[in-house]
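Listed here are the chains, written in short residue letters.
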Amino acid sequence: MHAPPDAPSKDAYAEGAPVARKSELRELLRLAPGEPVELAAHDTAATPGAPGGKQASLADAARTGKKLARLQERLWAAGTAGDRRRVLLVLQGMDTSGKGGTVKHVIGHLDPSGCRIHAFKAPTAQELRHDFLWRVRRELPGPGEIGIFDRSHYEDVLVARVRHLVPPAVIGSRYGLIDDFERGLAEDGVTVIKCFLHLSFEEQRRRLLRRLDRPDKRWKFSPADIDERALWPAYQEAYELALERCSAPYAPWYLVPADHKWYRDWAVGRLLLEHLRELDPRYPPAGFDVAECRERLLRET
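Residues numbered from 1 in each chain as written. Predicted model: local features only at pLDDT ≥ 70, side-chain atom pairs only at ≥ 80, totals over all residues. Heavy atoms only, no water.

- An unreviewed UniProt entry lists the chain under the name Polyphosphate kinase 2 family protein, with Streptomyces misionensis as the source organism.

What follows is the structure in structure tokens.
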């Protein structure tokens, strides 16, 4: 018998001011495909759709984690029986926006055997010998898996643009190639969830200072992080172009305010939950006679 889909909890949003229903968070955070994006117009400290303040959201995130785990198991089980559907969560954002933290706090609820996590760094010499999507294709989730990209193919229209690593014409062509790539993923059964973690310039400075102040965090810091801050306006422009040109109904962008870590984690977990609920994966039926197998085990001496 199929397991019923998880029902929304009646009291999930009981604390705090009235907010949108859970099923509407995608509508709250989704950027309209093709429309100009002005990042400065979006409040990095906003908490749209949150079930209240920090404590209420942390409690709801814990409940969300349990629901994610059950749905992931169903997706993984369906994949073993021929269901080709899978999920790709793309996390993009400026340094310290919390890509790694989101993986830890949201994906940490899931069974590692059904996840494929990859953090994209600067391309290697081997990767540079291929087209820019070659290394991305190698890390895509398989049937039943949830793939998580900490940075992604978008680095090739972000860093490459800001740092002038390739000619402008090449950058211009990549937007269309990314759109075709993501359309192909959707047609092949991949649910693409792209989250831009929107951080403020001042909050980034605070987080970099905290890294310097804590010996256990200094390994995450590089003096080059300060140099990169001088390029903040160029990165904001590059993100605006990518968010505008590479947002489509089959692969939309969600703008997640990231100044509050607790909100960022809650929102990404909620977005993932909404998409998994929509997929509604089911445990596959047994391909054997259950009653006969049960009887055989009961007859054992």
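## Digging into the environment of E145
Logical step 1: With respect to the helices and strands, the residue E145 is situated in the loop between α5 (134-137) and β3 (146-150).
Logical step 2: C-alpha separation for the pair E145 and Q72, spaced 73 residues apart in sequence, amounts to 8.0 Å.
Logical step 3: Contacts of E145, omitting those with residues within four sequence positions, involve L75, W76, R86, V87, G114 and R116.
Logical step 4: Polar contacts involving the side chain of E145 include one to the main-chain amide nitrogen of G142, which spans 2.6 Å. (Helix = DSSP H or I, 4+ residues; strand = E, 2+ residues; numbered from the N terminus. Contact = heavy atoms within 4.5 Å. Polar contact = N/O pair within 3.5 Å; in protein donor to acceptor, adjacent residues only side chain to side chain.)

## Observations regarding the nonpolar core
Logical step 1: Ranked by size, the top nonpolar core spans 36 residues in total, and within it Y154 and V157 carry the most contacts.
Logical step 2: Broken down by secondary-structure element, the contributors of at least two residues to this core are β1 (86-93), α6 (155-162), α7 (168-187), β4 (190-198), α10 (232-245) and β5 (253-257).
Logical step 3: No other element matches α10, which puts seven residues into this core.
Logical step 4: Apart from residues lying up to four places away in sequence, V157 is in contact with I171, R174, Y175, I178, A238 and A242.
Logical step 5: In terms of nonpolar packing, the next biggest core, distinct from the first, is built from 32 residues, L110, I146, Y254 and V268 among them. (Core = buried A, V, L, I, M, F, W, Y, C linked by side-chain atoms within 4.5 Å. Buried < 20%, exposed > 50% of the residue type's maximum accessible area, 1.4 Å probe, protein only.)

## A closer look at the UniProt feature "domain: Polyphosphate kinase-2-related" (unreviewed entry) in the chain
Logical step 1: Using the residue numbers shown here, the UniProt feature "domain: Polyphosphate kinase-2-related" (unreviewed entry) corresponds to residues 63-278.
Logical step 2: In residues 63-278, helix accounts for 52% and strand for 15%; the two terminal C-alpha atoms are 18 Å from one another. (UniProt positions renumbered as here; feature names shortened; annotations may be inferred.)

## Points about the packing of aromatic side chains
Aromatic ring pairs are reported here in terms of the distance separating the ring centres and the angle at which the planes meet.
Logical step 1: Overall, the coordinates contain six aromatic pairs when judged by the stated rule.
Logical step 2: Between Y154 and W253, the ring centres sit 4.9 Å apart and the planes meet at 65°, which makes this aromatic pair edge-to-face. In this pair, Y154 is assigned in the loop between β3 and α6 and W253 in strand β5, connecting sequence segments 99 residues apart. Residue Y154 shares its accessibility class with W253, and that shared class is buried.
Logical step 3: A centroid spacing of 5.8 Å and a plane angle of 40° characterise the contact between Y263 and W266, whose relative ring orientation is tilted. Within this pair, Y263 and its partner W266 are both found in helix α11 (residues 261-279), separated by three residues, close to a single helical turn. Each member of the pair Y263 and W266 is classed as buried.
Logical step 4: Linked through ring pairs, W262, Y263 and W266 together constitute an aromatic cluster.
Logical step 5: The residue whose ring lies beneath R174 is F132, and the NZ or CZ to ring-centre distance is 4.8 Å. (Phe/Tyr/Trp six-rings, centres within 6.5 Å; stacked < 30°, edge-to-face > 60°. Lys NZ or Arg CZ within 6 Å of the ring centre and 35° of its normal.)

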